[in-house]
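Working through the structure, step by step
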Amino acid sequence: QVQLVESGGGSAQAGESLRLSCLASESIFSLHTMAWYRQFPGKRRELVAAITGGGMTNYAASAKGRFTIFRDNAKNTVYLQMNSLKPEDTAVYYCNCKVFKVTVDEYWGQGIQVTVSS
């Protein structure tokens with residue numbers, strides 16, 4: 001039902017910054033939890049950062065202190081600000097949306113490549 005489109009990825013050098021954006025096809029209501037995941041080649045997809053409708057955030061240890069997740073519900077958009085990038089941040093980043101109803105409905109974007117050179 002919900003379609004998610006990521007943008008803002010690309011290449012950066014170590015120490016630089018990138019901002020990823022995720023545009024949803026419909027309004028992001030307060031009950032939606034939005035998140036960014038990433039996947040390294042040959043590895044499982046892992047959580048980078050999440051934010052609830054109430055503004056509570058959760059970060060992976062590798063992202064804490066460097067990355068910031070925030071949302072603009074009026075624009076149906078969630079962002080991931082990535083500062084102090086490291087080569088090990090190179091991965092495909094995916095936007096995720098969880099809709100909490102009686103059961104949880106989960107939606108994924110197509111993913112966007114982030115490549116960080118040393």
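Below or above, wherever it landed, is the structure these notes cover. (Residues numbered from 1 in each chain as written. Predicted model: local features only at pLDDT ≥ 70, side-chain atom pairs only at ≥ 80, totals over all residues. Heavy atoms only, no water.)

Once that is clear, we can look at the overall build of the protein chain. Broken down by element type, the protein chain carries zero helices and 11 strands. Along the chain direction, N to C, the helices and strands of the protein chain fall in the order β-β-β-β-β-β-β-β-β-β-β. For a compact globule of 118 residues, the expected C-alpha radius of gyration is about 13 Å, and the protein chain comes in at 14 Å, within 12% of that figure. Judged by the C-alpha coordinates and their principal axes, the protein chain covers about 45 × 25 × 25 Å. (Helix = DSSP H or I, 4+ residues; strand = E, 2+ residues; numbered from the N terminus. Rg over C-alpha atoms; globule rule 2.2 N^0.38 Å.)

To continue, consider the sheet that holds strand S7 (residues 67–72). In spatial order, the strands read S1-S3-S8-S7; together these four strands make up an open sheet with antiparallel pairing. Every interior strand has two partners, whereas the edge strands, strand S1 (4–7) and S7, have only one. Within this sheet the neighbouring strands show an average axis-to-axis angle of 15°, counted without direction. Here six bridges tie S7 to strand S8 (residues 77–82), and the two strands are oriented antiparallel to one another. Looking at S8, one finds that Ile69 is bridged to Leu80. (Pairing = 2+ DSSP bridges. Axes fitted to C-alpha atoms, helices over the stretch in contact; angles between N-to-C directions.)

With respect to the helices, strands and loops of the structure, Arg38 is situated in strand S4 (residues 32–39). Overall, the relative accessible area of 3% leaves Arg38 in the buried class. Within the local environment of Arg38, its side chain forms a polar contact with the side chain of Asp89, the two groups lying 3.0 Å apart. Of the polar contacts made by the side chain of Arg38, one reaches the side chain of Tyr93; its length is 2.9 Å. (Buried < 20%, exposed > 50% of the residue type's maximum accessible area, 1.4 Å probe, protein only. Polar contact = N/O pair within 3.5 Å; in protein donor to acceptor, adjacent residues only side chain to side chain.)

This brings us to the nonpolar core. Leu4, Trp36, Leu80, Met82 and Tyr93 are the most contacted members of the largest nonpolar core, which totals 29 residues. Contributing elements (two or more residues each) for this core: strand S3 (18–24), S4, strand S5 (46–51), S7, S8, strand S9 (91–100) and strand S11 (112–117). By residue number, the principal contributor to this core is S9, which donates five residues. (Core = buried A, V, L, I, M, F, W, Y, C linked by side-chain atoms within 4.5 Å.)

To continue, consider the environment of Asn83. Residue position: Asn83 is located in the loop between S8 and S9. Residue classification places Asn83 among the partly exposed positions, given a relative accessible area of 30%. Residues Asn83 and Ser21 lie 62 residues apart in sequence; the distance between their C-alpha atoms is 14 Å. When sequence neighbours within four positions are dropped, the list of residues in contact with Asn83 reads Glu16, Ser17, Arg66 and Phe67. (Contact = heavy atoms within 4.5 Å.)

Glancing now at the pattern of salt bridges. Counted according to the given criterion, the structure contains four salt bridges. Among the salt bridges present, the one from Arg38 reaches Asp89, with a minimum N-O distance of 3.0 Å. With Arg38 in strand S4 and Asp89 in the loop between S8 and S9, this pair connects stretches of sequence that are 51 residues apart. The residue Glu106 makes a salt bridge to Lys98 at a minimum N-O spacing of 3.5 Å. (Salt bridge = Lys/Arg side-chain N within 4 Å of Asp/Glu carboxyl O.)

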